[in-house]
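Spelled out, the chains give:
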Amino acid sequence: MDDRFGRVFRGVKRIVDLLVDPLRKNPNAAKFDLSIPEAHTTTVDGDTGWASRPPAWVTCPQCGSDIHQRDVHETIDCPRCVATYAPNEFAELELKHLQCPVCGNVMEDGIRHPNVFTMPEWATCHRCHYHWEFDHLF
Ligand SMILES: [Zn+2]
Ligand SMILES: [Zn+2]
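Residues numbered from 1 in each chain as written. Chains lettered and ligands numbered in written order. Predicted model: local features only at pLDDT ≥ 70, side-chain atom pairs only at ≥ 80, totals over all residues. Heavy atoms only, no water.

J.: Looking at this structure, I do not really get the coordination of the zinc ion (ligand 2). What am I missing?
T.: Ideal values for angles at a metal depend on the geometry: 109.5 degrees with four tetrahedral donors, 90 or 180 degrees with six octahedral donors. Only Cys100 (SG), Cys103 (SG), Cys125 (SG) and Cys128 (SG) from the protein reach the zinc ion (ligand 2) as donors, at distances of 2.3 Å. Coordination at the zinc ion (ligand 2) is tetrahedral, judged from the four donor atoms that bind it and the angles of 102 to 118° they form at the metal. Each donor residue of the zinc ion (ligand 2) lies on the same chain, and together they follow the pattern C-x2-C-x21-C-x2-C. The class for Cys125 is buried, based on a relative accessible area of 1%. (Donors = N, O, S within 2.8 Å, 3.2 Å for Na, K, Ca; no water. Tetrahedral: all angles 85-135°; square planar, octahedral: opposite > 155°, others 65-115°. Buried < 20%, exposed > 50% of the residue type's maximum accessible area, 1.4 Å probe, protein only.)

Right under this line is the structure:
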């Protein structure tokens, strides 16, 4: 057994004990746990899931103008021509960009599984650091 590994392990265990101990002694620990169901997401302002997708701008296939879809449930209605698309037709339209729901900035978006998804799986705002994920990271 590598002694260095043992030392590191004991060190990690002590840190975990320090973090867990105050909760064990706290009679309100159960209530505390309920208030933070996902501790790993609390440090970042953001949302998860397709229903919480940021507002999007897509290109109208008929006239080429920009269509703003404020949320995933909204009908995609071209402001210039008669084209309208149901919310579930979003994936067939060309996405220009997602818009940050917090500060309105253009977001950077990307795909983690290019063979499975054609729509962005994440988007991040470089101005206010709002971050959206299609699915949980963990
Ligand atoms: Zn149009
Ligand atoms: Zn922002």
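J.: It is not clear to me how the sheet that holds strand S2 (residues 56-59) should be interpreted in this structure. Could you clarify?
T.: What holds strands together in a sheet is hydrogen bonding between their backbones, with the strands either parallel or antiparallel. Read across the sheet, three strands follow the order S3-S2-S6 without closing on themselves; strand pairing throughout is antiparallel. With one partner strand each, in any of the chains shown, strand S3 (66-69) and strand S6 (94-98) form the two edges of the open sheet. On average, each strand axis in the sheet is inclined to that of its neighbour by 30°, with strand direction left out of account. Pairing of S2 with S3, which is carried by four bridges, proceeds in the antiparallel orientation. If you follow Val58 over to S3, its bridge partner there is Ile67. (Pairing = 2+ DSSP bridges. Helix = DSSP H or I, 4+ residues; strand = E, 2+ residues; numbered from the N terminus. Axes fitted to C-alpha atoms, helices over the stretch in contact; angles between N-to-C directions.)

J.: Just to check I follow, could you spell out the sheet that holds strand S9 (residues 131-133) for this structure?
T.: Strand order in the open sheet made by the four strands is S1-S9-S8-S7, with mixed pairing throughout. Taken across any chain shown, the strands that pair with only one partner, and hence form the sheet edges, are strand S1 (46-48) and strand S7 (108-110). Between one strand and the next, the sheet's axes are offset by a mean angle of 10°, whatever the strand orientation. Pairing between S7 and strand S8 (residues 122-124): three bridges, direction antiparallel. Paired with Glu108 across the bridge in S8 is Thr124.

J.: Would you explain the coordination of the zinc ion (ligand 1) in this entry?
T.: Of the protein atoms, only Cys60 (SG), Cys63 (SG), Cys78 (SG) and Cys81 (SG) coordinate the zinc ion (ligand 1), at distances of 2.2 to 2.4 Å. Note that the zinc ion (ligand 1) binds four donor atoms; their angles at the metal cover 104 to 113°, and the shape is tetrahedral. Here the donor residues of the zinc ion (ligand 1) are spaced in sequence according to C-x2-C-x14-C-x2-C.

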